[in-house]
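One letter stands for each residue in the lines below.
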Amino acid sequence: QVQLVESGGGLVQPGGSLRLSCAASGSIFSVSVMGWYRQDPGKQRELVATITSGGSTNYADSVKGRFTISRDNAANTVYLQMNTLKPEDTTVYFCNVLARVGAGGPTYSYWGQGTQVTVSS
């Protein structure tokens, strides 16, 4: 099927930057929307940013102007550049990919394992 491997999380001071990466591999025929979500324990997962195969982006209001999503279509990889990080950005970040595993087949949603981002002095 499809596997997602995330990297780039960690501890950073307020005002600092981190870059998350998520690489999709496996029996991929095509990838449409790629995105990042985040989730606090006991709360609903919320959208951070998404990007289509054509490069159209969508951001949560809380991250607009600070975070930038991008993708490498040839490598089936999505990135999240996070600048001016705030303590309230602390949580687990998950990547999500909508992918088709065969020509003419259905599109499925796949999730990464999650990566912790901690913003603290």
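Above this text sits the structure in question.
Here, residues in each chain are numbered from 1, in the same order as that chain's written sequence. Local features in this predicted model are restricted to residues of pLDDT 70 or higher, and side-chain atom pairs are both shown and tallied only at a pLDDT of 80 or more, whereas totals for entire chains, interfaces and linings draw on every residue. Calculation of side-chain values draws on the structure's entire complement of heavy atoms; hydrogens and water are dropped beforehand.

## Focus on the nonpolar core
Okay, step 1: Residues belong to a common nonpolar core when they are buried Ala, Val, Leu, Ile, Met, Phe, Trp, Tyr or Cys residues joined through side-chain atoms within 4.5 Å. Using a 1.4 Å probe on the protein chains alone, a residue whose accessible area is under 20% of its type maximum counts as buried, one over 50% counts as exposed, and one in between counts as partly exposed. Membership of the largest hydrophobic core comes to 30 residues, with the highest contact counts inside it found for Trp36, Leu80, Met82 and Tyr93.
Okay, step 2: Breaking this core down by element, the ones donating at least two residues are strand E1 (2–7), strand E3 (18–26), strand E4 (30–39), strand E5 (46–51), strand E7 (67–72), strand E8 (77–82), strand E9 (91–100) and strand E11 (115–119). Under the scheme used here, helices are H or I runs from DSSP no shorter than 4 residues and strands are E runs no shorter than 2 residues, and both carry numbers assigned from the N terminus.

## Here we look at the packing of aromatic side chains
Okay, step 1: For Phe, Tyr and Trp, where Trp contributes only its six-membered ring, two rings pair if their centres lie within 6.5 Å, and the inter-plane angle classes them as stacked under 30 degrees, edge-to-face over 60, or tilted in between. Using the criterion set out here, one finds two aromatic pairs in the structure.
Okay, step 2: Centroid distance tyrosine 37 to tryptophan 111: 5.1 Å. Interplanar angle 70°. Geometry classified as edge-to-face. Of this pair, tyrosine 37 sits in strand E4 while tryptophan 111 is found in strand E10 (residues 107–111), placing the two residues 74 residues apart along the sequence.
Okay, step 3: Classification of tyrosine 37 as buried rests on a relative accessible area of 19%.
Okay, step 4: Among the residues examined, tryptophan 111 registers a relative accessible area of 38% and is labelled partly exposed.
Okay, step 5: Both rings, one in tyrosine 108 and one in tyrosine 110, keep their centres 6.5 Å apart while their planes meet at 65°; by these two values the pair is edge-to-face.
Okay, step 6: Residue classification places tyrosine 110 among the buried residues on the basis of a relative accessible area of 11%.
Okay, step 7: The ring of phenylalanine 94 has arginine 45 lying over it, and the distance from NZ or CZ to the ring centre is 3.7 Å. A ring has a charge above it when a Lys NZ or an Arg CZ is no more than 6 Å from the ring centre and no more than 35 degrees off the ring normal.

## Here we look at the environment of serine 27
Okay, step 1: Residue placement: serine 27 occurs in the loop between E3 and E4.
Okay, step 2: In sequence terms serine 27 and valine 2 are 25 residues apart; their C-alpha atoms lie 6.1 Å from each other.
Okay, step 3: Excluding its chain neighbours within four sequence positions, the residues that come into contact with serine 27 are Gln1, Arg100 and Val101. The criterion used for residue contact is that any of the two residues' heavy atoms lie within 4.5 Å.

## Here's the deal with the sheet that holds E7
Okay, step 1: An order of E1-E3-E8-E7 is seen for the four strands of this open sheet, with the pairing classed as antiparallel. Two strands close off the open sheet at either side, each with one partner strand: E1 and E7. Each neighbouring strand pair of the sheet contributes to a mean axis angle of 15°, computed without reference to strand direction.
Okay, step 2: Pairing of E3 with E8 involves six bridges; the strand directions are antiparallel. Paired with alanine 23 across the strands is threonine 77, a residue of E8. The rule for pairing is simple: two strands pair if DSSP sees at least two bridges between them. What counts as an axis is a line fitted to C-alpha atoms, over the stretch in contact for a helix, and the angles between N-to-C directions run from 0 to 180 degrees.

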